[in-house]
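# Structural overview
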Amino acid sequence: MTAPVVPQGGPGGPPAPAGCEVRAALPPKGFGLFALASCNAYTELFSEEPLFALQHSGNRRVVLVKRVHLVAACARCCGFIHSIPLQLEVIFGEGRFASLLAELGDLPKQWQESAGGGQAFVARCTQGCGEMYCSEACRDAHFQQCHNLLCVGPLQAEDPLVRFKHHALEHADTLLLAAQVFAFLINRVKASGGGAEAMHRMMQELMCFCHAPFRDACRAPPGRAKDAEFYAHTDQLVNEAAALLKAALEPHAPAEVSALFQAGPAFFSEVLGLFEYNNIDLEVSSPVGNVLLQRVSGSVISTPHETNDSWCGLVLRTSVFHTVVSQ
Ligand SMILES: [Zn+2]
Ligand SMILES: [Zn+2]
């Protein structure tokens, strides 16, 4: 049995939104955001845009899964891609559904129009990596924020970035979120003149959030203790990912990347541990589920609970990470 991990935060965090305060919760929970007055459940206290967000890879890739949870979401804002034909292609993208899709013909396009959603729209990465966006504005913003350093469109299979992405998809998609953070930090530091010193300041700023090395912050799989084998496996996973990401980013920003990896994979591991404490997981019912149900039953079902357990209760799972370094 290992002792509970006490996450460490630091000064310099973002100011609390009006009506809220940041204070320490009971260990081992670290710092939290508390409402200053009691309020009803589901009261909206504040809203802000997440700086880093990721659709879980498990419901965006066309793979063999027991339940259908595949959804095309914007790579930046995680909003649904506004195209019923595209959503159906994603859901039924396997070869065995090809004839079904062919039989539908023009119907998805008509459903799009009859659902009142206007014309189908999808913006794709101009470098051909396959990333999709809800708008050109989201695509351009994502490119400037991090995708300029993380796009695999022009790369060969043996490129470290391609290998990093395969490694992440195989083991843990939060590795992709960490890559977003690293690319964002590099872009931000370079925009302000660049250099290792500026990067160290940014890294410090990020560490005001509760964090710990990934091996300490992560949970063991159900029914399993964190034994020596578990730690060895976790360390190897993180070390390999860090080495690949470093190799991928280094040619673009040698000074900044050397600062990020000055202590080997330690900072990368802390960022992953930070996610363990700060991530917010969202599940949103897909509007495509409603469209299909209307076609099947002629009725409209609108609550997430009702659709979640149905065959077309498509769910968007999104990891969202809020941080101060957003200006
Ligand atoms: Zn978007
Ligand atoms: Zn791309």
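The structure displayed is predicted, hence computed values, not measured ones. (Residues numbered from 1 in each chain as written. Chains lettered and ligands numbered in written order. Predicted model: local features only at pLDDT ≥ 70, side-chain atom pairs only at ≥ 80, totals over all residues.)

## Things to note about the overall build of the protein chain
Note the following rule: Runs of H or I in DSSP of at least four residues are treated as helices and runs of E of at least two as strands, each being numbered from the N terminus. To sort residues by burial, count the other C-beta atoms lying within 10 Å of each one's C-beta; a count of 20 or more means buried, 12 or fewer means exposed, and anything in between means partly exposed. C-beta atoms are built from the backbone. Working definition of a contact: two residues with C-beta atoms, positioned from the backbone, lying within 7 Å.
Within the protein chain one finds 13 helices and seven strands. A burial count over the protein chain gives 33% of its 327 residues as buried. Once local pairs closer than 6 in sequence are excluded, the contacts in the protein chain between residues at least 24 apart make up 67%.

## Topic: the packing of helix α1 (residues 84-91) against helix α3 (residues 107-114)
Note the following rule: Note on definitions: angles span 0 to 180 degrees between N-to-C directions of axes, and those axes are lines fitted to C-alpha atoms, for helices only across the stretch in contact. For classification purposes, an angle smaller than 35 degrees is called roughly parallel, one larger than 145 roughly antiparallel, one from 65 to 115 roughly perpendicular, and anything else oblique. When residue character is reported, Ala, Val, Leu, Ile, Met, Phe, Trp, Tyr, Cys and Pro are called nonpolar, Asp, Glu, Lys and Arg charged, and the others, Gly included, polar.
At a minimum axis distance of 8 Å, the contact between α1 and α3 shows a crossing angle of 130°. Judged by the inter-axis angle, α1 sits oblique to α3. Residues I84, P85 and L88 of α1 touch α3, and the partners they reach there are P108, K109, W111 and Q112. Taken together, the residues of the contact of α1 with α3 break down into five nonpolar, one polar and one charged.

## Considering the packing of helix α9 (residues 228-249) against helix α11 (residues 266-278)
For clarity, the threshold we go by: By definition, turning the near helix anticlockwise from the far helix through less than a right angle yields a left-handed crossing, and turning it clockwise yields a right-handed one.
Relative to each other, α9 and α11 sit at 115°, their axes nearing to 9 Å. Between α9 and α11 lies a crossing whose hand is right-handed. For the pair formed by α9 and α11, the contact residues are V238, A242 and L245 on the first element and F268, S269 and L272 on the second. Classifying every residue of the contact of α9 with α11 gives five nonpolar, one polar and no charged.

## Observations regarding helix α6 (residues 174-191)
Our working definition: Here a helix's expected span is defined as the number of its residues, less one, multiplied by 1.5 Å.
Under the 1.5 Å per step criterion, the end-to-end length of α6 is 26 Å for 18 residues, consistent within 8% with the ideal 26 Å. The buried count for α6 comes to 15 of 18 residues, which makes it a mostly enclosed element. Within two residues after α6, G193 carries a phi angle of roughly 115°, on the positive side.

## Examining the environment of P50
Along the chain, the position of P50 falls in the loop between β2 (31-35) and β3 (52-55). Note on P50: 18 C-beta atoms within 10 Å, which makes it partly exposed. Note: C-alpha distance between P50 and C77 (27 residues apart in sequence) is 8.1 Å.

## Comments concerning the nonpolar core
As a reminder of what qualifies: In this description, a nonpolar core means buried residues of the types Ala, Val, Leu, Ile, Met, Phe, Trp, Tyr and Cys, linked to one another by C-beta atoms lying within 7 Å.
One finds A178, A179, F182, I186, A241 and L245 to be the most contacted residues of the largest nonpolar core, which totals 63 residues. Ignoring anything within four residues of it in the chain, the contact list for A241 reads F164, H167, A168 and L175.

## Considering the confidence of the model for the protein chain
Caution applies to low-pLDDT regions: their predicted coordinates should not be interpreted in detail. This is how it is decided: Every residue gets a pLDDT, meaning the predictor's confidence in that residue, from 0 to 100.
Within the protein chain, residue pLDDT values average 80, and 77% of them lie at 70 or more. The low-confidence segment residues 1-7 (pLDDT under 50) makes 14 contacts with residues lying over four places distant or belonging to another chain. Contacts for the low-pLDDT stretch residues 62-69, under 50 throughout, to residues beyond four places or in other chains number nine contacts.

## Digging into the environment of A232
Checked against the element boundaries, A232 lands in helix α9. A residue is classified by how many C-beta atoms lie within 10 Å of it, and A232, with 11 of them, is exposed. Between the C-alpha atoms of A232 and R215, which are 17 residues apart in sequence, the distance is 9.1 Å.

## Some remarks on unusual backbone geometry
At Y42, a position not held by glycine, the phi torsion is positive, near 70°. Mapping Y42 onto the fold places it in the loop between β2 and β3. For Y42, a count of 5 C-beta atoms within 10 Å translates into the label exposed. Phi is positive for C78, close to 65°, though the residue is something other than glycine.

## Notes on the environment of A247
Within the fold, A247 resides in helix α9. Look at A247 and you get partly exposed, because 15 C-beta atoms sit within 10 Å.

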